[in-house]
Amino acid sequence: MRHIAILTEARSSYGYLRPIARLIEADPELQYSLIVTNQHLLPDFGYSVEEIERDGLNITDRIYMTLDGYTPATMVKSLGVLLLSLGDAFVRLQPDFVLVLGDRGDSLMAALAGAHMNIPVAHIQAGERSGNIDGLTRHAITRFAHVHFASGPDAAERLRRMGEDEWRIQLVGAPQLDELVRGDVAPPEEIAERFELDLTEPLLLVVQHPVTEEYGEGVEQMRETLEAVCELRHQTVLIFPNTDAGSDDLRLLVERYHRPFMRLERNVPRRVYGGLMQAASALVGNSSSGLIEAPALNLPAINVGERQRDRARAPNVIDVPHDRSAIADAIRRALSAEFRAGLANGDSPYVSDGRVSERIVEFLKTVPIDARLLRKQIAY
Amino acid sequence: MERDLSLFTVGPTDSLRLAMEKIDRNKHRVVVVVDEGRVLGTVSDGDVRRAYLHEQLPITPVSQIMQLNPHVTTETDPERRRAALLRERVTVLPVVSEDNVLLDVELAYEPFAD
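## Let's talk about the overall build of chain A
Thought 1: The helix and strand inventory of chain A stands at 15 helices and 13 strands.
Thought 2: Taking 2.2 N^0.38 as the reference for a compact globule, 380 residues should give roughly 21 Å; the C-alpha atoms of chain A span a radius of gyration of 20 Å, in line with that estimate.
Thought 3: With the principal axes as the frame, chain A shows a C-alpha extent of 60 × 45 × 40 Å.
Thought 4: In chain A, which comprises 380 residues, the proportion classed as buried is 60%.
Thought 5: Pairs at least 24 residues apart make up 71% of the contacts formed inside chain A by residues separated by at least 6 positions.
Thought 6: For chain A, the accessible surface area stands at approximately 14,500 Å², while carbon and sulfur atoms represent 51% of it.
Thought 7: Positive and negative side-chain charges in chain A, numbering 41 and 55 respectively, have mean positions lying 2 Å apart.

Below, the structure written as structure tokens:
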């Protein structure tokens, strides 16, 4: 029986690892262990580990890693704690595969640990571009990973040019779109009731994270976005930033800007986030969901600042600098009927037919685990 | 009547322990988290109980566990405030300005004398 260790560090990624875990569970030839860490275990983020427990998934490890302080130095030390702990976890679990995703440091630690311990590493969302430290991290994971799952042709081509073997590059599509394509999101009535919203009126969804390279500027950047939101006074649901350096100051600022037309949420389940995106009139901030998921829903995304600088984008994205009047203008434009009409059937670099998770699991199940897989050569 | 709000408010960095003490003394099961005059959230005795079950310490700051979207009212008319309180079924309803500055609290019942 092939045993796959899956790392999950936050609710955002857990949502699309869950269908993969379920498929593995249903397959008699496969088993998995879920290693839960970082944001999942923090009260500030609503203890999202409880969602995993309710789902009944097989959590084998809870790795507490996040040092308080949320500075660049604590980020590094926190990752060190994770790396230390993963070494022990892999010795005990003896997995046949390590499955990681995205562009976060947590995934890089798992890839490092796996590659050093002769356990093949598979990486979802390989080869995409993202700005700042996340982009560096994604490509560093590629170096340590033995299998690369690409979300679109553009990402696959980048992996090829990075010198990765053709057979290691699997163009499967973007698994985070599976649920959206299948319509498996919270329906509008549920969203309206849960957040006390009137969906006949415009709804803004705000998700803005601090940017590591711009440490110390996050508060002023967030202030510009919040000023724009306060000027327009549309009903707004704002989701707290992640645990990157500077995030605690951002959370306090957001709490201070709280107005009666706003809802603040520490964290929402992925199904609810999908429902919010479906119900929203525009997404504001710097979340990758504005570029990856939003096009599938024809949702306009006001992308603020540099965090997503290098990421491929569809016509739903309006790029603006950290400037309150530019952000407010872009929101007004996004809410116009003309803009929304122009998005119908827009092209997106991120593709899904609703069966991406199946293809990932099938490949993990069937690829021979042998010297060819484990001995990587990077050929230019 | 000017109400003394000090037993009904804590700051975001105040501890769960202090919140619980004020909840115990104000007899209304809830305190309002206020920063520079503005309402950030509320903490109820149930929130503190759940935090303890999650192995939070008495020194944990209330900002980590507070409810972020408390029911508040901007009503100035006493009868409408009362109606809002009953509608929301809370024991403490913060009365705020349009800018979310705490002005008063509407209480479900008058506290018993000690």
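## Quick look at the overall build of chain B
Thought 1: Assigned secondary structure in chain B consists of 3 helices and 5 strands.
Thought 2: Secondary structure elements of chain B, listed N to C terminal, follow the sequence β-α-β-β-α-α-β-β.
Thought 3: In summary, chain B has a C-alpha radius of gyration of 14 Å against a globular reference of 13 Å for 114 residues, a match within 12%.
Thought 4: Seen along its three principal axes, the alpha-carbon backbone of chain B occupies a region of about 40 × 35 × 25 Å.
Thought 5: Taken over 114 residues, chain B has a buried fraction of 47%.
Thought 6: Sequence separation of 24 or more characterises 48% of the internal contacts of chain B that already satisfy a separation of 6 or more.
Thought 7: As presented, chain B carries roughly 6,400 Å² of accessible surface, and 49% of it is formed by carbon and sulfur atoms.
Thought 8: On chain B, the mean spot of the 14 positive side-chain charges and the mean spot of the 20 negative ones are 5 Å from each other.

## Re the confidence of the model for chain A
Thought 1: In the predicted model, chain A carries a mean pLDDT of 92, and the fraction of residues at 70 or more is 99%.
Thought 2: Averaged pLDDT values for the elements of chain A fall to 85 in helix α10 (residues 247–256) of chain A and rise to 98 in strand β5 (residues 121–124) of chain A.

## Topic: the nonpolar core
In a soluble, globular protein the nonpolar side chains are often hidden away together inside.
Thought 1: Formed by 44 residues in total, the largest nonpolar core has its most connected members in Ile302 of chain A together with Val43 of chain B.
Thought 2: When residues in this core are grouped by element, the largest group, 6 residues, is from helix α9 (residues 218–232) of chain A.
Thought 3: Ile302 of chain A has contacts with Ala282, Leu283, Val284, Gly285, Ile318, Val320, Ala330, Ile331 and Ala334 of chain A, leaving out every residue within four places of it along the chain.
Thought 4: Counting 32 residues, the second-largest nonpolar core is a separate cluster that includes Tyr14, Ala122, Phe149 and Leu373 of chain A.

## Quick notes on the interface of chain A and chain B
Thought 1: Every contact between the two is made by 18 residues of chain A and, on the other side, 18 residues of chain B.
Thought 2: Of all residues in chain A, Glu255, Arg256 and Arg266 of chain A bury the most surface against chain B, accounting for 32% of the area lost on that side.
Thought 3: Across the chain A-chain B interface, the total number found is 3 salt bridges.
Thought 4: A salt bridge links Arg233 of chain A to Glu98 of chain B; the shortest N-O distance between them is 3.6 Å.
Thought 5: Taken together, the links from chain A to chain B amount to 10 residue pairs in polar contact (both at pLDDT 80 or more).

## A short note on the sheet that holds strand β9 (residues 235–239) of chain A
Residues and elements named next belong to chain A.
Thought 1: Pairing in this open sheet of 6 strands is parallel, and the strands run β10-β9-β8-β11-β12-β13 from one edge to the other. Looking along the sheet, the strands with just one partner apiece sit at the ends: β10 (262–265) and β13 (317–320). Strand-to-strand twist in this sheet, taken as the mean axis angle between neighbours without regard to direction, amounts to 20°.
Thought 2: Where strand β8 (residues 203–207) and strand β11 (residues 282–285) come together, 4 bridges link them in parallel fashion. Bridge pairing links Leu205 to Leu283 in β11.

## Some details on the side chain of Ser48 of chain A
Residues and elements named next belong to chain A.
Thought 1: The residue Ser48 is located in the loop between β2 (30–37) and α2 (49–55) in this model.
Thought 2: The class of Ser48 is buried, set by a relative accessible area of 1%.
Thought 3: Within the structure, Ser48 has its side chain in polar contact with the side chain of His40 (distance 2.8 Å).
Thought 4: Among all residues touching Ser48, those that are not within four sequence positions of it are Arg11, Gln39, His40 and Asn267.

## Details of the packing of helix α8 (residues 188–195) of chain A against helix α11 (residues 270–279) of chain A
Residues and elements named next belong to chain A.
Thought 1: At their nearest, the axes of α8 and α11 sit 9 Å apart, and the two run at 100° to each other. With respect to each other, α8 and α11 are oriented roughly perpendicular. On α11, the residues touching Pro188, Glu190, Ile191, Arg194 and Phe195 of α8 are Arg271, Val272, Gly275, Leu276, Gln278 and Ala279.
Thought 2: Here the contact of α8 with α11 is built from residues that sort into 6 nonpolar, 2 polar and 3 charged.

## Some words on the pattern of salt bridges
All names here are of chain B.
Thought 1: Per the stated rule, a full pass over the model turns up 45 salt bridges over all chains.
Thought 2: Arg50 is the salt-bridge partner of Asp47, the closest N and O atoms lying 3.1 Å from each other. Pair noted here: Asp47 and Arg50 are both in helix α2 (residues 45–53), with a separation of 3 residues, about one helical turn.
Thought 3: The class of Asp47 is buried, set by a relative accessible area of 7%.

## Examining helix α14 (residues 356–366) of chain A
Thought 1: Residues Val356, Ser357, Ile360, Val361, Phe363 and Leu364 of chain A constitute the buried set of α14 of chain A. With its buried residues spanning 160° around the axis, α14 of chain A presents them on a single face.

The rules behind each value
Residues numbered from 1 in each chain as written. Chains lettered and ligands numbered in written order. Predicted model: local features only at pLDDT ≥ 70, side-chain atom pairs only at ≥ 80, totals over all residues. Heavy atoms only, no water. Helix = DSSP H or I, 4+ residues; strand = E, 2+ residues; numbered from the N terminus. Rg over C-alpha atoms; globule rule 2.2 N^0.38 Å. Buried < 20%, exposed > 50% of the residue type's maximum accessible area, 1.4 Å probe, protein only. Contact = heavy atoms within 4.5 Å. Areas by Shrake-Rupley, 256 points an atom, 1.4 Å probe, with all protein chains shown as cover. Lys, Arg positive; Asp, Glu negative; His and termini not counted. Charge placed at Lys NZ, Arg CZ, Asp CG, Glu CD. pLDDT = per-residue confidence, 0-100. Core = buried A, V, L, I, M, F, W, Y, C linked by side-chain atoms within 4.5 Å. Buried area = accessible area lost by both parts, 1.4 Å probe. Salt bridge = Lys/Arg side-chain N within 4 Å of Asp/Glu carboxyl O. Polar contact = N/O pair within 3.5 Å; in protein donor to acceptor, adjacent residues only side chain to side chain. Pairing = 2+ DSSP bridges. Axes fitted to C-alpha atoms, helices over the stretch in contact; angles between N-to-C directions. Parallel < 35°, antiparallel > 145°, perpendicular 65-115°, else oblique. Nonpolar A, V, L, I, M, F, W, Y, C, P; charged D, E, K, R; others polar. Arc of directions from axis to C-beta.

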